[in-house]
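For reference, the chains in residue letters:
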Amino acid sequence: MALSDRIPYQALIDRPKLKLPNGKRLAVWVILNVEEWRIENAMPRVVLSPPMGQPLLPDVPNWSWHEYGMRAGFWRQFKALTDRNMKVTLAANADVCNAYPRVASAAREAGFEFMGHGFLQGPMHKLADQGDAIKRSVETIAEFTGRAPRSWESPGLTETEETLDLLRLNGIEYVADWVIDDLPQDIATPHGTITTIPYTVETNDIVVHALQHLPSDQFLKRGIDQFDRLYLEGADNARVMAISIHPYITGVPHRIKYLEQLLDYVIGHDGVASMTASEIGDWYRSEMKRISPGG
């Protein structure tokens, strides 16, 4: 069976009517991605191309670009989110708990939901033992926070044919890798159901700024346009919007105000439910049980 065959096609217009808590029409979840880039490795992403086309190890400027986010940018985003009482899902490389305990402790104390995001930043396809890496990620987060993560976002949204089964085997219930819809969808595994949580590659600051190289204000414009349409559609059936951010991208001085303005725009609408990944997953499962025969 092809991996895509595990996620049967569903037309959005045919999805059953779902009701968000308290009459809300749009669930918004903010994903704050914190990652560990090892300076001895090639960088997962670069802002400066190598001089004369010669790759560098150590790649000091590009490692430092990311490191700035963990030292400075994170704290701007943290303030923007906590000042507004936003619920936050922290997609964390699990070793961030060890390598950046100041960041991880602040997130834990603020009540952020820790979402598994690999152990170190790198594609799932490159792991020598994917099952062990997932297990270590879950155990490390559980030891640090006191509870095992229930949700997962693979680094770079990468998966192999085994990933979903291994995630569910290790207790993961919700996965954000499949950007296929504006509502969750269940996927069967040998170890039980795993449910997709609508994520984004479009209202994601990596895509807007690091890949498409758009001006600093375009994250705000795109976010508002995305929000407005989903909020409109949410009057007919619930919708889910993801806002994915990285400390080294929208945590920098020339972009942080646009993130703040987007957050203010979102929470300025009465029909918005601020939720975490697992809260969205639990809501969806509850709604599907409610509307099922005998539910």
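Everything quoted here is computed from the prediction, not taken from an experiment. (Residues numbered from 1 in each chain as written. Predicted model: local features only at pLDDT ≥ 70, side-chain atom pairs only at ≥ 80, totals over all residues. Heavy atoms only, no water.)

Below, the discussion takes up the nonpolar core. One finds Leu90 and Ile243 to be the most contacted residues of the largest nonpolar core, which totals 43 residues. Setting aside residues no more than four positions away along its own chain, Ile243 makes contact with Val28, Trp29, Val30, Ile31, Thr203, Phe219, Leu262 and Val266. Grouped together as the second largest cluster of nonpolar side chains are 21 residues, Ile197, Tyr199, Ala273 and Ala277 included. (Core = buried A, V, L, I, M, F, W, Y, C linked by side-chain atoms within 4.5 Å. Buried < 20%, exposed > 50% of the residue type's maximum accessible area, 1.4 Å probe, protein only. Contact = heavy atoms within 4.5 Å.)

Sheet faces and side chains relate simply in a regular strand, where the side chains alternate between the two faces. The element strand S2 (residues 88-92) is extensively covered by neighbouring structure, given that 5 of its 5 residues are classed as buried. Judged by which residues are buried, S2 turns out to be covered on both faces: Val88, Leu90 and Ala92 on one side and Thr89 and Ala91 on the other are all buried. Sheet topology places strand S1 (residues 26-34) next to S2; 5 bridges connect them, and they run parallel. When the sheet's bridge partners are listed, Leu32 is paired in S2 with Leu90. (Helix = DSSP H or I, 4+ residues; strand = E, 2+ residues; numbered from the N terminus. Pairing = 2+ DSSP bridges.)

Moving on, we come to the UniProt feature "domain: NodB homology" (unreviewed entry) in the chain. Summarizing the sequence annotation, UniProt attributes the feature "domain: NodB homology" (unreviewed entry) to residues 69-175 in the numbering used throughout. With 48% helix and 12% strand, residues 69-175 has its two end C-alpha atoms placed 25 Å apart. (UniProt positions renumbered as here; feature names shortened; annotations may be inferred.)

A few words now on helix H3 (residues 101-109). Every buried residue belonging to H3 is among Val103, Ala104, Ser105, Ala106 and Ala107, and all of these are buried. Those residues of H3 that are buried are in contact with S1, helix H1 (60-83), S2, helix H2 (96-99), strand S3 (113-116) and helix H4 (130-145). With its phi angle positive at about 85°, Gly111 sits one or two positions after the end of H3.

Per the stated rule, a full pass over the model turns up 18 salt bridges. The salt bridge partner of Glu279 is Lys87, with a shortest N-O separation of 3.0 Å. With Glu279 in helix H10 (residues 277-291) and Lys87 in the loop between H1 and S2, this residue pair connects regions lying 192 residues apart in the sequence. Relative accessible area serves as the criterion here: at 29%, Glu279 is assigned to the partly exposed category. For Glu139, the salt bridge is made with Lys135, and the minimal N-O distance between the two is 2.6 Å. Residue Glu139 and its partner Lys135 are located together in helix H4, separated by 4 residues, close to a single helical turn. Assessed through its relative accessible area of 41%, Glu139 is described here as partly exposed. Given a relative accessible area of 40%, Lys135 falls into the partly exposed group. Through salt bridges with shared partners, a single ionic network connects Arg150, Glu173, Asp282 and Arg285. (Salt bridge = Lys/Arg side-chain N within 4 Å of Asp/Glu carboxyl O.)

Among the 7 residues that make up strand S8 (residues 239-245), 7 are buried, leaving the element largely enclosed by the rest of the structure. Covered by surrounding structure in S8 are Arg239, Met241, Ile243 and Ile245 together with Val240, Ala242 and Ser244, the residues of both alternating faces. Bridging between S1 and S8 involves 7 bridges; their strand directions are parallel. Directly across from Val30, in S8, lies its bridge partner Ile243.

Let's shift gears to the packing of aromatic side chains. Counted under the stated rule, the structure contains 11 aromatic pairs. The interplanar angle of 90° and the centroid separation of 4.8 Å between the aromatic rings of Phe74 and Trp75 together place this pair among those described as edge-to-face. Since its relative accessible area comes to 0%, Phe74 is described here as buried. Classification of Trp75 as partly exposed rests on a relative accessible area of 26%. Through a chain of ring-to-ring contacts, three or more aromatic side chains come together here, namely Phe74, Trp75, Phe78 and Phe112. The ring of Tyr231 has Arg25 lying over it, and the distance from NZ or CZ to the ring centre is 4.4 Å. It is Arg108 that lies over the ring of Phe144; its NZ or CZ is 4.2 Å from the centre. (Phe/Tyr/Trp six-rings, centres within 6.5 Å; stacked < 30°, edge-to-face > 60°. Lys NZ or Arg CZ within 6 Å of the ring centre and 35° of its normal.)

Turning our eyes to something else, we now look at the environment of His191. With respect to the helices, strands and loops of the structure, His191 is situated in the loop between strand S6 (185-189) and strand S7 (192-196). For His191, a relative accessible area of 38% translates into the label partly exposed. For the pair formed by His191 and Val240, sequence separation is 49 residues and the distance between their alpha carbons is 26 Å. His191 has contacts with Asp165, Arg168 and Leu169, leaving out every residue within four places of it along the chain.

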